[in-house]
Amino acid sequence: MTEDVAITDNEFLRQFELEIEGKMARIEYALQDRKIFLTKYEMPQELEEQGYREVFIEAVFKEVKDREISLVPTSPEIVGFMRKNRRKYKSLLPVGINI
């Protein structure tokens, strides 16, 4: 499933987007210095039930890593994912931030 997922960075709306079967999932963000704050997570229930939550968040985390910037999760869903996968993604957090 991960290979099929392509996220889009809608810079105008400041959100990462994932569209599947006409349904749109979003993670809103704010950029500040070399940090990206993931502030709001929205996903239609149908996509959640199909298991796209982790796939979408992982794709966004990969994009952040590729940009070589730090990630600050502020949305409860993103914080929960980060806690669950802290060993894998700890390097994305800014110095001094622990989740």
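Structure shown above.
About the thresholds
- Residues numbered from 1 in each chain as written.
- Predicted model: local features only at pLDDT ≥ 70, side-chain atom pairs only at ≥ 80, totals over all residues.
- Heavy atoms only, no water.
- Pairing = 2+ DSSP bridges.
- Helix = DSSP H or I, 4+ residues; strand = E, 2+ residues; numbered from the N terminus.
- Buried < 20%, exposed > 50% of the residue type's maximum accessible area, 1.4 Å probe, protein only.
- Arc of directions from axis to C-beta.
- Contact = heavy atoms within 4.5 Å.
- Axes fitted to C-alpha atoms, helices over the stretch in contact; angles between N-to-C directions.

**A few points about the pairing of strand β3 (residues 23-32)**
With six bridges connecting them, strand β2 (residues 15-20) and β3 associate as antiparallel partners. Note that in β3 the partner of glutamine 15 across the bridge is glutamate 28. The antiparallel pairing of β2 with β3 creates a hairpin that spans two residues between the two strands, and glutamate 21 there sits at a positive phi of about 50°. By the bridge criterion, seven bridges tie β3 to strand β4 (residues 35-42) in an arrangement that is antiparallel. Following the sheet pairing, isoleucine 27 is matched in β4 by tyrosine 41. Hairpin remark: β3 followed by β4, antiparallel, with two residues in the connecting loop; positive phi at aspartate 33, about 55°.

**Points about unusual backbone geometry**
The residue glutamate 21 is not glycine, and still its phi comes out positive at about 50°. Here glutamate 21 shows up in the loop between β2 and β3. Relative accessible area serves as the criterion here: at 64%, glutamate 21 is assigned to the exposed category. Phi is positive for aspartate 33, close to 55°, though the residue is something other than glycine. Among the secondary structure elements, aspartate 33 is positioned in the loop between β3 and β4. Relative accessible area serves as the criterion here: at 70%, aspartate 33 is assigned to the exposed category.

**Things to note about helix α3 (residues 76-84)**
All of the buried residues along α3 are Ile78, Val79, Phe81 and Met82. The buried side chains of α3 occupy one side of the element, clustering within an arc of 160° when seen end-on. Exposed residues pointing more than 90 degrees away from the buried face of α3 are listed as Pro76 and Lys84. Contacts made by the buried residues of α3 are with β3, β4, α2 (52-67), β5 (70-73) and α4 (86-89).

**A closer look at the sheet that holds strand β1 (residues 8-10)**
Reading across the sheet, the five strands line up as β1-β2-β3-β4-β5 and stay open at both edges, with mixed pairing between neighbours. The open sheet has two edge strands with one neighbour each: β1 and β5. Averaged over all pairs of adjacent strands, the angle between strand axes in this sheet comes to 30°, irrespective of strand direction. Note: β4 against β5, four bridges, orientation parallel. By the bridge assignment for β5, isoleucine 36 is matched with leucine 71. Lying on the sheet, α2 is in contact with β1, β2, β3, β4 and β5; it crosses β2 at an angle near 140°. On top of the sheet, α3 reaches β3, β4 and β5; it is set at about 115° to β5, its chief contact.

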